[in-house]
Structure formats: C-alpha cells, structure tokens
Amino acid sequence: MAVPRSLVLAALAALALLAGLPAATPVGGAALPLAGRVVGIDPGHNGDNYTDPSYINHLIWNGRENEACDTTGTETDSGYTEARFNFNVATYLAADLRALGARVVLTRTSNGGVGPCVNTRAQIIDRAHANVAVDIHADGGPADGRGFAVLEPVADGPNDHVIAASRAFGRDVIGRFRAVTGMPVSDYDGTDGVAPRDNLAGLNLTTVPKILIECGNMRNATDAALLVSGSFQRRAAQALTQAIVDYLR
Ligand code: ZN
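Notes on the structure in this doc start here. All chains use their own residue numbering, which begins from 1 and follows the written sequence. Given that the model is predicted, a residue must reach a pLDDT of at least 70 before its local features are reported, and side-chain atom pairs must reach 80 or more before they are shown or counted; all residues, however, enter totals for whole chains, interfaces and linings. Only hydrogens and water are set aside; all other atoms, that is, all heavy atoms of the structure, feed into the side-chain values.

### Overview of the packing of aromatic side chains
Stacked, tilted and edge-to-face are the three classes assigned to paired rings of Phe, Tyr and Trp, where Trp is represented by its six-membered ring and a pair needs centres within 6.5 Å; plane angles under 30 degrees give stacked, over 60 edge-to-face, the rest tilted. Per the stated rule, a full pass over the model turns up 3 aromatic pairs. Arranged with centres 4.8 Å apart and planes meeting at 55 degrees, the rings of Phe148 and Phe177 form a pair that is tilted. In this pair, Phe148 sits in the loop between strand S5 (132–139) and strand S6 (149–153) while Phe177 sits in helix H5 (residues 163–181), placing the two residues 29 residues apart along the sequence. There is no split in this pair, since Phe148 and Phe177 are both buried. Through a chain of ring-to-ring contacts, three or more aromatic side chains come together here, namely Phe148, Phe177 and Phe232. Secondary structure counts use DSSP, requiring at least four H or I residues in a row for a helix and at least two E residues in a row for a strand, with both numbered from the N terminus. Throughout this description, buried means an accessible area under 20% of the type-specific maximum (1.4 Å probe, protein chains only), exposed means over 50%, and partly exposed covers the range between.

Structure representation (structure tokens):
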C-alpha cells in the first residue's frame, strides 16, 4: 500500500489541530529507533561461488595472513546451501532494519553471483562507516555438534578500537538469538557461544563494531531441520534486529 507520506502527515496535523494538541512526531520520521543509523550486513559466500574456483581460491590479505578470497560455504545433507540460508536471513534482516529507520549496507544483493572476496566485503562495510555490522553464516561442524556461535574480532591494529564494542554487541546477539530462535549455543565451538577468531578478514579488517554469527550447524540433522525453515530464518532475522536495537540504544 502506498499512501503518500505527505498525506499521512497532513492528516495527523489536522487531527492534532482538531484535538487542540501540538502536531505529533511524524510517523516514519525521527521517532523510529534506528533513524540515522547505518547497519552493515554481510551474507556469507554466494550462490554461484562453486562455478569459479580459480577466482574463489585466489589469495587475499586478511590483515594477518593470506586467506582464500572466499569458499563455497557448507550445505545440509539434502543440499540446502549455506549461501542461500545466509542470503535469506540477510534479506529478512535488511527489511526489518529498514522498517525501523536504518540505512542498510549489504555486501551482496543476490544469491546468484560469485564473490565478492572477504576482504572486499569488510571494506564495503568499513567505507560505509556502519554503526554496527554482522556477518551471517551457518557452520559446517561435526555431525554430532549443535548450536550457534558468535565469532568476535581479536585486536590486530586496524580493529583495535572496535574490540570492546564488538564484544558488547556479541553479548546482545547471544541473548536475543537464544531467546527468539530457540537455537542453543554451540556445544563444540567457543565458550558459552563466544569464539574469538583472528584468521578471518571480516573480523581482522573491520573498523566498525562487528561479529560473525554461525546460526547453527548445517551438518547436524536437528539444526539443519531448523535452518532450512522459513520461520526459523525470519526468527533469526528478528533476533538480530532486536540485538542491533539493544546495542545501538
Ligand atoms: Zn560460512
């Protein structure tokens, strides 16, 4: 539906006049909780990465060492790809954040391409001066392991000034993700759901507060059944939205 905003504002002003009240804060304006905020979203991998191995495997500098441009990501036993999961959650998340007034910067806008490389993804979000950012993934862990993990940056120079902020955001993500999605924290990665990582471009090169979330383990049957469902993907986005609002408040 597309009622022009000017009409809505005029109607509100008229109502306020009739009631003898000052005009209300505009609907959709400065009152939105994320108005003026910039959020970076990196949906890990890309749906066609498998078509160009020489590009995907070429080495980039991740701030500490060489790392492959990207990988294809993992998939469930039934062949549901991580790239698709990541993109779906990112799409729901972007919509939720925009509805709250945020400007969203995505590192890819479809699931039908190759790349960009992980260092470029970090640069896209850094250059946008995002107030906070999240890299969305699902893990390819041991088949008997369950749960989600939050990967956090380790100080290496460029990211020094966002370590504490990223840790604080990570706490918000863990609380909301567990409560909203029902996914338990990982029983094989990190401690209480937190895993510091110093070998990922997305965390080494970040100059904005950022975490990477492994939303569950695609190689575990119980987690996989959740990860492929649209309702879980929407809840994952809602959990991240609430964590971002918590963090930026
Ligand atoms: Zn991944």
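### Notes on the state of the cysteines
In plain terms, two cysteine sulfur atoms within 2.5 Å form what is called a disulfide here. Evaluation of the coordinates by the stated rule reveals 1 disulfide. Between the sulfur atoms of Cys69 and its disulfide partner Cys117 the distance amounts to 2.2 Å. On the sign convention where negative means left-handed, the S-S torsion of about -95 degrees between Cys69 and Cys117 marks this disulfide as left-handed. Placement of Cys69 in the loop between strand S3 (66–68) and helix H3 (82–99) and of Cys117 in the loop between strand S4 (103–106) and helix H4 (118–127) is noted, with a sequence separation of 48 residues between them.

### Some points on the environment of Asn131
Take Asn131: it is sitting in the loop between H4 and S5. Residue classification places Asn131 among the partly exposed residues on the basis of a relative accessible area of 27%. On a C-alpha basis, the gap between Asn131 and Pro209 in space is 7.0 Å, while along the polypeptide they are 78 residues apart. Excluding its chain neighbours within four sequence positions, the residues that come into contact with Asn131 are Gly36, Arg37, Val38, Pro209, Tyr247 and Leu248. We call two residues in contact whenever any of their non-hydrogen atoms come within 4.5 Å of each other.

### Some details on the sheet that holds strand S7 (residues 194–197)
Between any two strands, at least two bridges found by DSSP are needed for them to pair. Taking strand neighbours across the sheet as the criterion, the 6 strands line up as S4-S1-S5-S8-S6-S7 in an open arrangement whose pairing is mixed. Of all the strands in the sheet, the pair left with one neighbour each is S4 and S7. Averaged over all pairs of adjacent strands, the angle between their axes in this sheet comes to 25 degrees, without regard to strand direction. Of the pairings in the sheet, the one linking strand S1 (residues 38–43) to S4 comprises 4 bridges and is parallel in character. Pairing of Val39 across the sheet is with Val104, part of S4. Angles here are taken between N-to-C directions and fall from 0 to 180 degrees, while the axes themselves are lines fitted to C-alpha atoms, restricted in helices to the stretch in contact. The strands that H3 touches are S1, S4, S5 and strand S8 (210–217); relative to S5, the one it contacts most, it runs at about 150 degrees. Packing of helix H8 (residues 230–248) onto the sheet brings it into contact with S1, S5 and S8, and relative to S5 it is tilted by some 150 degrees.

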